[in-house]
Amino acid sequence: QVQLVESGGGLVQPGGSLRLSCAASGSNFRINAMGWYRQAPGKQRELVAAITSGRSTNYADFVKGRFTISRDNAKNTMTLQMNNLEPEDTAVYYCNADGRMMTVGLRSFSSWGQGTQVTVTS
């Protein structure tokens, strides 16, 4: 199985910055798309940003101009640079990876990390 681990969350004041990281581990897999999602209490999980293996990106409107997503295909890692954070950004942020196993069956997968808490408050 493919496992994802997030890191980099924390407590920050409005206008501050955080950098989230996600690392994928396992064997014999290829990741197609990776993305960051977030979920606040009482709200649905929502897409923050996504990136393909070709580094094509997609951002939610509420983070455009503030967040930047990137990935290193060779290392199977992904980052989310978050600048000018606002209280509305407070949520648990989850890493997601969609891909396919390269062993028998060529099984597709969608993996999620455990989440990392981001809290923006003054």
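The structure under discussion appears in the preceding block.
In this text, all values refer to a predicted model and were calculated from it rather than measured experimentally.

About the cut-offs
Residues numbered from 1 in each chain as written. Predicted model: local features only at pLDDT ≥ 70, side-chain atom pairs only at ≥ 80, totals over all residues. Heavy atoms only, no water. Helix = DSSP H or I, 4+ residues; strand = E, 2+ residues; numbered from the N terminus. Rg over C-alpha atoms; globule rule 2.2 N^0.38 Å. Buried < 20%, exposed > 50% of the residue type's maximum accessible area, 1.4 Å probe, protein only. Contact = heavy atoms within 4.5 Å. Areas by Shrake-Rupley, 256 points an atom, 1.4 Å probe, with all protein chains shown as cover. Lys, Arg positive; Asp, Glu negative; His and termini not counted. Charge placed at Lys NZ, Arg CZ, Asp CG, Glu CD. Pairing = 2+ DSSP bridges. Phe/Tyr/Trp six-rings, centres within 6.5 Å; stacked < 30°, edge-to-face > 60°. Polar contact = N/O pair within 3.5 Å; in protein donor to acceptor, adjacent residues only side chain to side chain. Axes fitted to C-alpha atoms, helices over the stretch in contact; angles between N-to-C directions. Core = buried A, V, L, I, M, F, W, Y, C linked by side-chain atoms within 4.5 Å.

Examining the overall build of the protein chain
Looking only at helices and strands, one finds 0 helices and 11 strands in the protein chain. Traced from its N-terminal end to its C-terminal end, the protein chain shows the element sequence β-β-β-β-β-β-β-β-β-β-β. For 122 residues, the compact-globule estimate of 2.2 N^0.38 gives 14 Å, and the protein chain sits close to it at 15 Å. Taking the principal axes of its C-alpha atoms as reference, the protein chain extends roughly 50 × 25 × 20 Å. Counting every position in the protein chain, which comprises 122 residues, the buried fraction comes to 40%. A separation of at least 24 residues holds for 55% of the contacts in the protein chain among residues at least 6 apart in sequence. If you sum the accessible surface of the protein chain, you get close to 6,700 Å²; carbon and sulfur atoms cover 46% of it. Charge centroids of the protein chain, computed over 12 positive and 8 negative side chains, lie 10 Å from each other.

Notes on the pairing of strand S7 (residues 67-72)
Each regular strand displays side chains that alternate between the two surfaces of the sheet. Every second residue of S7 is oriented toward a common face, the buried set being Phe67, Ile69 and Arg71 and the non-buried set Thr68, Ser70 and Asp72. Of the strand pairs in this sheet, S7 and strand S8 (residues 77-82) are connected by 6 bridges, and their pairing is antiparallel. Residue pairing for S8: Ser70 is matched across the bridge by Thr79. Two successive antiparallel strands, S7 and S8, enclose a turn made up of 4 residues, where Asn76 displays a positive phi of approximately 55°.

Considerations on the packing of aromatic side chains
As enumerated under the stated definition, the model contains 2 aromatic pairs in all. Taking the centre distance of 6.3 Å and the plane angle of 85° together, the rings of Phe29 and Phe109 count as edge-to-face. Of the two residues, Phe29 is situated in strand S4 (residues 29-39) and Phe109 in strand S10 (residues 108-112); the sequence distance between them amounts to 80 residues. For the pair Phe29 and Phe109, a shared accessibility class is recorded, and that class is buried.

Digging into the environment of Asp89
On the secondary structure map, Asp89 appears in the loop between S8 and strand S9 (91-101). If sequence neighbours within four positions are ignored, Asp89 has contacts with Arg38, Arg66, Phe67, Val118 and Val120. A distance of 2.9 Å separates polar atoms of two side chains, one belonging to Asp89 and the other to Arg38.

Some details on the sheet that holds S7
In space, the 4 strands of this open sheet follow the order S1-S3-S8-S7, with antiparallel pairing throughout. Strands at the two margins of the open sheet, each flanked by one partner only, are strand S1 (3-7) and S7. This sheet shows a mean twist of 15° between the axes of neighbouring strands, independent of strand direction.

Regarding the nonpolar core
Formed by 32 residues in total, the largest nonpolar core has its most connected members in Trp36, Leu80, Met82 and Tyr93. In this structure, Tyr93 is in contact with Glu6, Leu20, Trp36, Tyr37, Arg38, Val48, Phe67, Leu80, Met82, Gly115, Thr116 and Val118, ignoring residues within four places of it in sequence.

So far we have only geometry, and geometry alone does not tell us how the molecule works.
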